[in-house]
Amino acid sequence: MTVQTEKKRILVVDDHISDTRVVKLLLESTSNYVVREENDAKAAISTAEEFQPHLVLLDVMMPDMDGGELAACFRANPKLKTVPIVFLTAAVTKREVEDGNGQVGGAAFLAKPVVLSEVIACIQHHLT
């Protein structure tokens, strides 16, 4: 008898629909994740409360509310404050992320464009 493990829920927040779509397709191709996309930073809190993600991949540069502001809203929300957040952005280089061992300024980062193996390794690191 095979024991099935629960698929991890990943919320991807980015104002670019093409970016969230690519990450969703990449992660779901592994059959290990259920991915929800949110392209409106202001709607991301209510989406997260409903979806209850295990981890959030969050763009930094978005109109209306940047990723840092949104992350602060997550941390202030009792239902979401413990959900790991990984910034997914073109604002840092892959070299900066590598030099900081996945951290920039004390926060977890992945540099765009993303590679599936890097995203999965990062998710596994933050969920174990």
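Below: a short report on this structure.

In this section: the pattern of salt bridges. All chains considered together, the criterion is met by seven salt bridges. The salt bridge partner of Asp19 is Lys112, with a shortest N-O separation of 3.0 Å. Of this pair, Asp19 sits in helix H1 (residues 17–28) while Lys112 sits in the loop between strand E6 (107–111) and helix H5 (116–127), placing them 93 residues apart in sequence. The exposure class of Asp19 is partly exposed, given its relative accessible area of 27%. The shortest N-O distance in the salt bridge between Lys112 and Asp59 comes to 3.5 Å.

In this model, H1 (12 residues) spans 16 Å end to end at C-alpha, consistent with the 16 Å of a helix rising 1.5 Å per residue. Among all positions of H1, only Thr20, Val23, Lys24 and Leu27 are buried. Mapping the buried residues of H1 onto a view down its axis gives an arc of 100°, with all of them on the same face. On its buried face, H1 is in contact with strand E1 (8–13), strand E2 (33–38), strand E3 (55–58), strand E4 (85–89) and H5.

This paragraph deals with the nonpolar core. Counting residues in hydrophobic clusters, the biggest one holds 20 residues, and the most contacted among them are Val13, Val56, Leu58, Leu70 and Phe74. Among the elements of the structure, E1, helix H2 (41–51), E3, helix H3 (67–76), E4 and E6 are those that each provide at least two residues to this core. Ranked by residue count, the leading element in this core is H2, at five residues. The contact partners of Leu70, leaving out residues within four places of it in the chain, are Val13, Ala41, Ala44, Ile45, Leu58, Met62 and Met65. Of all hydrophobic cores here, the second largest spans 16 residues; its members include Leu88, Ala108, Val119 and Ile123.

Looking now at the packing of H2 against H3. H3 packs onto H2 with a crossing angle of 25° between their chain directions and a minimal axis gap of 10 Å. The orientation of H2 with respect to H3, classified from their angle, is roughly parallel. Judged by the sense of rotation from one axis to the other, the crossing of H2 with H3 is right-handed. From H2, Ala41, Ala44, Ile45 and Ala48 reach across to H3, where they touch Leu70, Cys73 and Phe74.

What counts and how
Residues numbered from 1 in each chain as written. Predicted model: local features only at pLDDT ≥ 70, side-chain atom pairs only at ≥ 80, totals over all residues. Heavy atoms only, no water. Salt bridge = Lys/Arg side-chain N within 4 Å of Asp/Glu carboxyl O. Helix = DSSP H or I, 4+ residues; strand = E, 2+ residues; numbered from the N terminus. Buried < 20%, exposed > 50% of the residue type's maximum accessible area, 1.4 Å probe, protein only. Expected span 1.5 Å × (residues − 1). Arc of directions from axis to C-beta. Contact = heavy atoms within 4.5 Å. Core = buried A, V, L, I, M, F, W, Y, C linked by side-chain atoms within 4.5 Å. Axes fitted to C-alpha atoms, helices over the stretch in contact; angles between N-to-C directions. Parallel < 35°, antiparallel > 145°, perpendicular 65-115°, else oblique. Left-handed = near helix turned anticlockwise from the far one by under 90°.

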